[in-house]
Amino acid sequence: MFIKVLLLYLSVVGQIFSDENTLNQISTRLVKSLIVQGDFKQEKKLKMLNKPLISTGKFTYHQHKGAIWKTLTPVSTLVLMNESTLLTEQGEQAIPEAFANVFKAMLSGDFKNLESHFFVMATNHETSWQIELKPKDELLQRIISTLTLTGDTELRSLDIAEVGGNSTFISFDKTTHSSQLSLEQEGDFEPLQP
Amino acid sequence: MILNLYNPKRNALIWLIGMIVVGIFGYQVLTKNWLETGFMALLPKSEQQPDIAKAIQKHNEHNNKKVIWLVGAATSQEAISHARQLKQQIEKSQLFGKITLEFPQQQAVKNYQQLFSYRYQLLDSKSKMILMTNPEQLMFQNIEWLNAPFGQMQTLNFEHDPTLLFSRFFSLQNPIKLNLEQGIVILPDRNQVFALLLTELENEQLPLDKLEDLLDLVNHTTEQLKASHSELLVTGMPLFTAHGSQSAQQEISTVGVGSSVGIMILLLTTFRSIRPLLLSALAIGSGLFAALIISLLFLGKIHILTLVFGASLIGVADDYAQHFLCDSFGEKNWNPSDSLRFIFPSLSFGLLSTLLSYAGLSFSPFPGLQEVALFSAIGLVVAWLTVVLLFPLLLTGFTFNHEPEILKLAIFWERDLSGWIFKNRLWIGFVLIIFIVGGLLKLTPKDDIRLLQSAPVELLQVAEKIKKLLPVTRDNQFFLVSGKNQAAWHQNEQTLLNRLYALKEQKMLTNYEGVSNYWMTENQQRENYQILKQSLYDSGLLKRYMLELGFNKTAVKSEQQKFAEAENNILSFSEWFASADESKQQLWLGCDSGSCQSTVSLTGITDIEKLKMLQKLSGVVFVDQVEQLSEIFARYRIKTSALLAVTASLVLVIFGFRFGWRNAFGIMSIPIIALATSLAALSWFNQLFSLFNLFALLLVLGIGVDYGLYFFMAGNRRVSTSLGVILSALTTLLAFGLLATSSTEIVHAFGFTIAVGIVAALISAPLVGRFSDEL
């Protein structure tokens, strides 16, 4: 019993000390490419609603250009994102650097800047991995309690838990890689060009 | 009477008592804060309509105090920690009254809560439009919003704002979205991020020594941050002012040292005695001192530019000293009292004509010009009094019997050069006339005040970069909107803002801000409520939408009840205003008898003509300070030019009565040739010609008259007169002509004008005697 507890303790401590290391290990497991694309399903639970808001669609991430978030159901909309702005059909919004960072990190598999904005807890299992992020910024802390990323050789899900009880769960599926954008994707990125 | 006038000891005593009295007053006034540096103080108050002046003042109050600091680093964490250190350093300097790094969130929260109670009365114009035409579409948009990734911020208050209409309205209250981290504004750039620090001076006008402290602080912290691999960008009006006054001061003092050394060598080698040097310095020094003290007694405060230009104009007094000193040349039994008797008329006429030209300045409504006129008139009179009252005693026993090197130059110039010119007067005159007429014909004034600004390129580049990163800095131009009551004002401003919206879409400007976009009139608030009632609450659309999204029935009922209860809520202007943030409050000018006024600020103007055209809207005035100031400058340039002509004619008339018309024309031809040549040279050499050159021309006029007079009254003492004139010309050239080497445009133009004018007066002056001899 004692040995078990000790081992557990050591593994926890070990984990805490080696988070950066673990992040690197996870990063190396992920397939890297210029462009990642796939399907997503987003489930938003708002505490005053008795059913979740479910949307599905396609995402594209380009290392240099940013991301396309194309919702197909229940309504079709297009959201574009780069390092500083979120562009919707209703106008432009600034997004916190921390958020932009997570989005970039999770889609590119490059985790090195995560720790400047979050307290990171990473665990690397044989078949899967999990990264838990808690915001360092006070303002963000008031809204977001935890961001959880899971995956294997690909990113599989993102869970956003809000302080107020709302949550958003996004799962990723049919992820593929390529080195060239389709014509449609090129067109979608157009409004983000300076 | 004449005997009394030439009693050296008693006269010296009178001078001494006078200076002691001035000194006592000086002790009183100089211990107070007496120097003014702000630019606005120079401008006529009656020049602008009072409401425009008030609006300008309010607009500038804000802009003139603000200094913006951006600390850049690779990550926001680093930028923030550097910015915190910077804040401490700025605090230590005690230069600023207000330093903001963390932007207080409570204010925004309070503002949100307060406006939230009026949410059914407040609609942004776009949502209002959609509600009136196609309310279903609005609900559709909501579903888009709710499904967007990272929509957490927008849906925070979804429970109490199920239509998200208040979210929309509130987010438009702050049209520019800035990222906050740890309460600090973070601005992303290409390879780095910047943390924003805002500081405000306590007072719009910073004393000179504090301006230097500000520059030191900026330079020091910039170096420091560079050493720790980050970047500091700083901009703000105080910084421009500081740079301007620093470079002007540096140049004036370098030139000052250079010219002092030159003048000392010149006077020492000429007289081989230190007495003339000390006496000249004493004459000008006491003139300056008395001018400063007596002007302060009258005005309380004196502007730095008055000091610079006024001091220059007092330089004419050097003529009196040199004329007196050189009168002794070659006389065996020279006696200063006799000499004074001889030169007293020419000294006095010289003074009179110069005083006349300065007196003209005091009739202009330009406070700056009045100050200069008063200052230099006092200075000249006191310098003249020093020469007349004190010199006879202090020059007792003074002899000037050796032949100084400069004598050769004086003789060559007075006899050979002017003889040659006289012989060749036909073609020289012809060339001169072509030079003058050609120059004057193509002389184009440049009144744009931006040309006078000589900010270093780096400073302008930084300002430009900051403007790009932080598109909130307001431009100098703005609209003044008025209406006979609050409703009329609101309507006028809304019409203007709609037009500006269209111009913004066409990229004629990047942003604009007006109070009426944030607060609605009572009627509009009632109208908004009715629109909501018809389109959403009574039509059943709200109920359907809420139930479809998954709200339960009680939530729907409670929302409908809250709506019904809020029917008679009205957000009054004063309540809105009290909670609005400072930058919005600054836009409101208030209501007084029969008129309400506000300003609409503009950012990133690219097409000023299009904006100017909006003036035809009712109650709208476009205020362009740069253009207004330039216009004032142009008007005063013209007025002062006319004044110069009037003064010259007046002096001519006086001389005409005193010396006869032919002689008067002879004397006056010297200053007139000097003025014309100077103006023509400005145009041939492509120099800046503005109001400031006219100060120099006034000096040229005064000096030209002196030279003409001295030669006219020289009689058989032409050699000593030419010595005096050439010495005074050389000292004036050393003192002011050297300013032509300055890189500050105003100072340079000033020096250039004087240099050309003096040289022209010098070359032509000896012709005065010749003409009357040989004609």
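As the structure is a computational prediction, the values presented were derived from the model and not from experiment. (Residues numbered from 1 in each chain as written. Chains lettered and ligands numbered in written order. Predicted model: local features only at pLDDT ≥ 70, side-chain atom pairs only at ≥ 80, totals over all residues. Heavy atoms only, no water.)

Draft legend 1. Summary view of the overall build of chain A. Looking only at helices and strands, one finds five helices and 11 strands in chain A. Taken across its 194 residues, chain A has 46% of its residues classed as buried. In the structure as shown, chain A presents an accessible area of about 9,900 Å², 56% of it carried by carbon and sulfur atoms. (Helix = DSSP H or I, 4+ residues; strand = E, 2+ residues; numbered from the N terminus. Buried < 20%, exposed > 50% of the residue type's maximum accessible area, 1.4 Å probe, protein only. Areas by Shrake-Rupley, 256 points an atom, 1.4 Å probe, with all protein chains shown as cover.)

Draft legend 2. Looking closely at the side chain of Arg718 of chain B. All names here are of chain B. The residue Arg718 is located in helix H29 (residues 718–735) in this model. On the basis of relative accessibility, which here comes to 16%, the residue Arg718 falls in the buried class. Here Pro766 takes part through its backbone oxygen, which lies 2.8 Å from a polar atom of the side chain of Arg718. (Polar contact = N/O pair within 3.5 Å; in protein donor to acceptor, adjacent residues only side chain to side chain.)

Draft legend 3. Region of the structure containing a nonpolar patch on the surface. All names here are of chain B. Taken together, the side chains of Leu13, Leu16, Ile17, Ile20, Val21, Ile24, Phe25 and Leu297 make up a nonpolar region of the molecular surface, amounting to roughly 710 Å² of accessible area. Among the elements that take part in the nonpolar patch, helix H2 (residues 8–30) stands out by supplying seven residues, more than any other. Within the secondary structure, Phe25 sits in helix H2. (Patch = residues over 30% accessible without salt bridge, like charges linked within 9 Å, V, L, I, M, F, W, Y side chains within 5 Å. Salt bridge = Lys/Arg side-chain N within 4 Å of Asp/Glu carboxyl O.)

Draft legend 4. Geometry of the state of the cysteines. Residues and elements named next belong to chain B. This structure, assessed with the given rule, holds one disulfide over all chains. Each sulfur in the disulfide pair Cys591 and Cys596 lies 1.9 Å from the other. Taking the sign of the torsion about the S-S bond as the criterion, the disulfide between Cys591 and Cys596, at about 105 degrees, is right-handed. Residue classification places Cys596 among the buried residues on the basis of a relative accessible area of 4%. (Disulfide = S-S within 2.5 Å.)

Draft legend 5. Region of the structure containing the packing of aromatic side chains. All names here are of chain B. For the structure shown, the criterion picks out 40 aromatic pairs over all chains. Their ring planes at 70 degrees and their centres at 6.2 Å tell us that Phe324 and Trp334 sit as a pair that is edge-to-face. Here Phe324 is found in helix H13 (residues 317–327), whereas its partner Trp334 is found in the loop between H13 and helix H14 (336–362), with 10 residues between them in sequence. Ring centres of Phe685 and Phe752 lie 6.0 Å apart, and the angle between their planes is 65 degrees; this geometry places the pair in the edge-to-face category. Of this pair, Phe685 sits in the loop between helix H27 (661–684) and helix H28 (691–712) while Phe752 sits in helix H30 (residues 745–764), and the two are 67 residues apart along the sequence. Exposure remark for Phe752: the relative accessible area of 15% places this residue in the buried category. Among the aromatic residues, those joined into a ring-pair cluster are Phe271, Phe324, Phe329, Trp334, Phe391, Phe398 and Phe400. Here Arg119 stacks its cationic end above the ring of Phe116, 4.1 Å away from the centre of that ring. Just above the ring of Phe342 sits the side chain of Arg717; from NZ or CZ to the centre is 4.5 Å. (Phe/Tyr/Trp six-rings, centres within 6.5 Å; stacked < 30°, edge-to-face > 60°. Lys NZ or Arg CZ within 6 Å of the ring centre and 35° of its normal.)

Draft legend 6. Looking closely at the nonpolar core. Ranked by size, the top nonpolar core spans 99 residues in total, and within it Tyr320, Leu347 and Phe655 of chain B carry the most contacts. It is H28 of chain B that provides the largest number of residues to this core, a total of 16 residues. With near-sequence residues (within four places) excluded, Phe655 of chain B lies in contact with Phe349, Gly660, Ala664, Ile667, Met668, Val705 and Leu709 of chain B. Membership of the second largest hydrophobic core comes to 38 residues, among which are Met106, Val120, Ile131 and Phe172 of chain A. (Core = buried A, V, L, I, M, F, W, Y, C linked by side-chain atoms within 4.5 Å. Contact = heavy atoms within 4.5 Å.)

Draft legend 7. Layout of the domain arrangement of chain B. When its domains are assigned, chain B resolves into domain 1 (2–31 + 256–451 + 628–774), domain 2 (103–181 + 522–570) and domain 3 (477–520 + 572–623). The gap between the C-alpha centroids of domain 1 of chain B and domain 3 of chain B is 53 Å. (Domains from an automatic or database assignment.)

Draft legend 8. Quick look at the confidence of the model for chain A. Taken residue by residue, chain A gives an average pLDDT of 79. The fraction at 70 or more is 84%. Ignoring residues within four places in sequence, the model shows residues 1–18 of chain A, a span with pLDDT below 50, making two contacts including any to other chains. (pLDDT = per-residue confidence, 0-100.)

Draft legend 9. Region of interest: the environment of Asp124 of chain B. Along the chain, Asp124 of chain B turns up in the loop between helix H5 (105–116) and helix H6 (125–133). Distance from Asp124 of chain B to Asn528 of chain B, taken between C-alpha atoms, is 9.6 Å for residues 404 residues apart in sequence.

Draft legend 10. Spotlight on the packing of H5 of chain B against helix H8 (residues 165–173) of chain B. Residues and elements named next belong to chain B. Interhelical geometry of H5 versus H8 gives an angle of 135 degrees and a closest axis separation of 11 Å. The angle between the axes of H5 and H8 places the two elements in the oblique class. Crossing angle aside, the handedness with which H5 passes H8 is right-handed. Counting all contacts with H5, which are made through Ala108, Asn111, Tyr112, Leu115 and Phe116, the residues of H8 involved are Phe166, Phe169, Phe170 and Gln173. Taken together, the residues of the contact of H5 with H8 sort by class into seven nonpolar, two polar and no charged. (Axes fitted to C-alpha atoms, helices over the stretch in contact; angles between N-to-C directions. Parallel < 35°, antiparallel > 145°, perpendicular 65-115°, else oblique. Left-handed = near helix turned anticlockwise from the far one by under 90°. Nonpolar A, V, L, I, M, F, W, Y, C, P; charged D, E, K, R; others polar.)

Draft legend 11. A look at helix H22 (residues 553–565) of chain B. For H22 of chain B, spanning 13 residues, the distance from its first C-alpha to its last is 18 Å, which sits close to the expected 18 Å at 1.5 Å a residue. If you follow the buried residues of H22 of chain B, they end up packed against helix H20 (522–537) and helix H21 (541–549) of chain B. (Expected span 1.5 Å × (residues − 1).)

Draft legend 12. Geometry of the pairing of strand E6 (residues 193–201) of chain B. Residues and elements named next belong to chain B. Of all the nine residues making up E6, eight are buried; the element is thus mostly covered by neighbouring parts of the structure. Pairing analysis gives four bridges linking strand E3 (residues 96–100) to E6, with the strands arranged antiparallel. From the neighbouring strand, Lys98 faces E6, where its bridge partner is Glu200. Of the strand pairs in this sheet, strand E5 (residues 184–188) and E6 are connected by three bridges, and their pairing is antiparallel. Bridged to Pro188 within E6 is Val193. Taking the residues between adjacent antiparallel strands as the criterion, E5 and E6 are bridged by four residues. (Pairing = 2+ DSSP bridges.)

Draft legend 13. Highlighting H28 of chain B. Its 22 residues give H28 of chain B an end-to-end C-alpha distance of 32 Å, which sits within 8% of 32 Å, the value for a rise of 1.5 Å per residue. H28 of chain B sits mainly inside the fold: 21 of its 22 residues count as buried.

Draft legend 14. Structural detail: unusual backbone geometry. With an omega dihedral of 0 degrees, the bond running from Thr73 of chain A to Pro74 of chain A counts as a cis peptide bond. In this model, His229 of chain B sits at a positive phi of 60 degrees, which is unusual for a non-glycine residue. With respect to the helices and strands, His229 of chain B occurs in the loop between helix H9 (208–227) and strand E7 (231–235). What makes His229 of chain B exposed here is its relative accessible area of 73%. Not every positive phi belongs to a glycine, and Arg272 of chain B is a case in point at roughly 50 degrees. Structurally, Arg272 of chain B can be placed in the loop between helix H10 (237–271) and helix H11 (275–299).

Draft legend 15. Region of the structure containing the pattern of salt bridges. Per the counting criterion, the structure on display carries 21 salt bridges over all chains. With a shortest N-O distance of 3.0 Å, Lys58 of chain A and Asp39 of chain A are connected by a salt bridge. Placement of Lys58 of chain A in strand E2 (residues 53–62) and of Asp39 of chain A in strand E1 (residues 35–45) is noted, with a sequence separation of 19 residues between them. Among the residues examined, Asp39 of chain A registers a relative accessible area of 19% and is labelled buried. For the salt bridge of Glu102 of chain B with Arg84 of chain B, the shortest nitrogen-to-oxygen distance reads 2.3 Å. Of this pair, Glu102 of chain B sits in the loop between E3 and H5 while Arg84 of chain B sits in helix H4 (residues 76–93); the two residues are 18 residues apart in sequence, bridging distant segments of the chain.

Draft legend 16. Highlighting the pairing of strand E9 (residues 478–483) of chain B. Residue and element names in this part refer to chain B. Of all six residues that make up E9, five are buried, and the element is covered over most of its length. For E9 and strand E12 (residues 595–603), the ladder comprises six bridges, and the chain directions are antiparallel. Across the sheet, residue Gly483 finds its bridge partner in E12, namely Cys596.

Draft legend 17. The arrangement of the side chain of Gln477 of chain B in detail. Residue and element names in this part refer to chain B. Along the chain, Gln477 falls in the loop between helix H18 (457–469) and E9. Judged by its relative accessible area of 9%, Gln477 falls in the buried class. Within polar-contact distance, the side chain of Gln477 engages the side chain of Asp624 at 3.3 Å. With residues near it in sequence (within four places) discarded, Gln477 still touches Leu602, Ile605, Ile608, Phe622, Val623 and Asp624.

Draft legend 18. Structural detail: the environment of Leu78 of chain A. Residues and elements named next belong to chain A. Relative to the helices and strands, Leu78 resides in strand E4 (residues 77–81). Here the alpha-carbon distance between Leu78 and Leu192, two residues 114 residues apart in the chain, equals 12 Å. Residues in contact with Leu78, not counting those within four places in the same chain, are Ile68, Trp69, Lys70, Leu87, Thr88, Glu89 and Asp188.

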